[in-house]
Amino acid sequence: MTIEIKNFSIGLPEKMKYGENEEVITAIRKKKVEEAFLTKDGFSGDGVADLKHHGGPDRAVCFYPYEHYALWGSEFLVQFPLPTFGENLTLTNMEEKDVCIGDIYQIGDAVIQITQGRIPCSTITKRTNNPYLLKMMVQTGFTGYLARVLKEGTVRKDSKISLEERNPNQVSILEANEIYYKRPRDIEGINKILAVEELADEWKEMLDERLTRLGHPL
């Protein structure tokens, strides 16, 4: 299955109005670009406002599957513009079920490694003015996902993308989301995710804490 970039966007934090004259500083409203250089910290010219919950080497690149736009469109009878979810790359044939934590992909001149599912935040609700979308993303596990950069390089809007190495643990983003959101007491499932060495540090910490609370520390 050929992977295709449907949208390539970057952007820096800016004021966004929402609700009744409320404002938030966010980089969710990214702009389309022809090309950008991908560094270990993300694309040059890209940024995040909330450094606690976004950005950093484990979350350098944000992806969202193109196929979900049709689903959300039919669910809510509205056409969401690309990239509604603040993703850098909107891709075909890279849904959460197809992508595993630790998988390595080449994108243009750069090489990236999948680290975690994205944890959707309330900025999505503020941007779309849709209180149900966030809930549906979590329920379906269609959250998108994040990656670290193994090799820096230029990415273009028509760059080729190829899977270079499938992680041997084969824990998909969809499976990890299922365990994280819907089976919080699934000790075996939590351990299965934690067995993936390449998992983002933030997820390791959150899942370690969860095991401790359940009385099964590592």
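Here is what the cut-offs are and how they apply
Residues numbered from 1 in each chain as written. Predicted model: local features only at pLDDT ≥ 70, side-chain atom pairs only at ≥ 80, totals over all residues. Heavy atoms only, no water. Helix = DSSP H or I, 4+ residues; strand = E, 2+ residues; numbered from the N terminus. Rg over C-alpha atoms; globule rule 2.2 N^0.38 Å. Buried < 20%, exposed > 50% of the residue type's maximum accessible area, 1.4 Å probe, protein only. Contact = heavy atoms within 4.5 Å. Areas by Shrake-Rupley, 256 points an atom, 1.4 Å probe, with all protein chains shown as cover. Lys, Arg positive; Asp, Glu negative; His and termini not counted. Charge placed at Lys NZ, Arg CZ, Asp CG, Glu CD. Pairing = 2+ DSSP bridges. Salt bridge = Lys/Arg side-chain N within 4 Å of Asp/Glu carboxyl O. Phe/Tyr/Trp six-rings, centres within 6.5 Å; stacked < 30°, edge-to-face > 60°. Lys NZ or Arg CZ within 6 Å of the ring centre and 35° of its normal. Polar contact = N/O pair within 3.5 Å; in protein donor to acceptor, adjacent residues only side chain to side chain.

An unreviewed UniProt entry annotates the chain as MOSC domain-containing protein of Fredinandcohnia salidurans.

**Student:** How should the overall build of the chain be read in this particular structure?
**Tutor:** Looking only at helices and strands, one finds six helices and 13 strands in the chain. The C-alpha atoms of the chain give a radius of gyration of 17 Å, which matches the 17 Å a tight globule of 218 residues would have. With the principal axes as the frame, the chain shows a C-alpha extent of 45 × 45 × 30 Å. When the 218 residues of the chain are sorted by exposure, 50% land in the buried category. Across the chain, contacts joining residues at least 24 apart in sequence account for 72% of those joining residues at least 6 apart. Surface summary for the chain: the accessible area is close to 10900 Å², and the carbon and sulfur share equals 49%. Here the chain contributes 28 positive and 34 negative side-chain charges, whose respective centroids are spaced 4 Å apart.

**Student:** Help me out: how do you make sense of the sheet that holds strand β12 (residues 153-156) in this one?
**Tutor:** Backbone-to-backbone hydrogen bonds pair the strands of a sheet. The strands run either parallel or antiparallel. Read from one edge of the open sheet, three strands run β6-β5-β12, paired in antiparallel fashion. The two strands at the open ends of the sheet, each matched to only one other strand, are β6 (42-43) and β12.

**Student:** For this particular structure, what's the right way to read the sheet that holds strand β1 (residues 5-10)?
**Tutor:** Judged by pairing direction, the sheet is mixed, and its eight strands sit side by side in the order β4-β1-β8-β7-β11-β10-β9-β13 without closing on themselves. Taken across any chain shown, the strands that pair with only one partner, and hence form the sheet edges, are β4 (31-32) and β13 (161-165). For β1 and strand β8 (residues 89-91), the ladder comprises three bridges, and the chain directions are antiparallel. Bridge pairing links N7 to T90 in β8.

**Student:** What is the right way to read the pattern of salt bridges from this model?
**Tutor:** Side chains bearing opposite charge may pair, as long as their charged atoms lie close to each other. All told, the structure shown has 16 salt bridges when counted by the stated rule. Across the pair E34 and K157 runs a salt bridge, and its minimum N-O distance is 3.4 Å. Taken together, the residues E34 in the loop between β4 and β5 (35-39) and K157 in the loop between β12 and β13 connect sequence positions 123 residues apart. Where R183 meets D186, a salt bridge forms, and the shortest distance between an N and an O atom there is 2.7 Å. A single salt-bridge network, built from bridges that share partners, covers E14, R29 and K31.

**Student:** Would you mind going over the packing of aromatic side chains with me for this structure?
**Tutor:** Ring pairs (aromatic) are described by centroid distance and by the angle formed between their planes. Per the counting criterion, the structure on display carries 10 aromatic pairs. For the pair Y180 and Y181, a centre-to-centre distance of 4.9 Å together with 90 degrees between the ring planes defines the contact as edge-to-face. With relative accessibility at 14%, the residue Y180 sits in the buried group. Counting every residue linked through ring pairs, the aromatic cluster contains W72, F76, F80 and F142. Seen from the ring of Y66, K6 lies directly overhead, with NZ or CZ sitting 5.1 Å from the centre. Note that R210 overlies the ring of Y180, its terminal NZ or CZ placed 4.6 Å from the centroid.

**Student:** Any chance you could explain the pairing of β5 here in plain terms?
**Tutor:** Both β5 and β12 contribute to a ladder of four bridges, which runs antiparallel. What sits directly across from L38, in β12, is G153. Pairing of β5 with β6 involves two bridges; the strand directions are antiparallel. By the bridge assignment for β6, T39 is matched with G42. Hairpin connection between β5 and β6: a loop of two residues separates the two successive antiparallel strands.

**Student:** What is the right way to read the environment of F43 from this model?
**Tutor:** The residue F43 is located in strand β6 in this model. The exposure class assigned to F43 is buried, which follows from its relative accessible area of 3%. When the C-alpha atoms of F43 and L207 are compared, they prove to be 28 Å apart, with 164 residues separating the residues in sequence.

**Student:** Help me out: how do you make sense of the side chain of N130 in this one?
**Tutor:** Relative to the elements of secondary structure, N130 occurs in the loop between α2 (122-128) and α3 (133-140). Polar contacts involving the side chain of N130 include one to the main-chain amide nitrogen of Y132, which spans 2.8 Å. Looking at N130, its side chain comes within polar contact range of the main-chain nitrogen of L133, at 3.0 Å. Those residues in contact with N130 that sit more than four places away from it in its chain are F76, F80 and T125.

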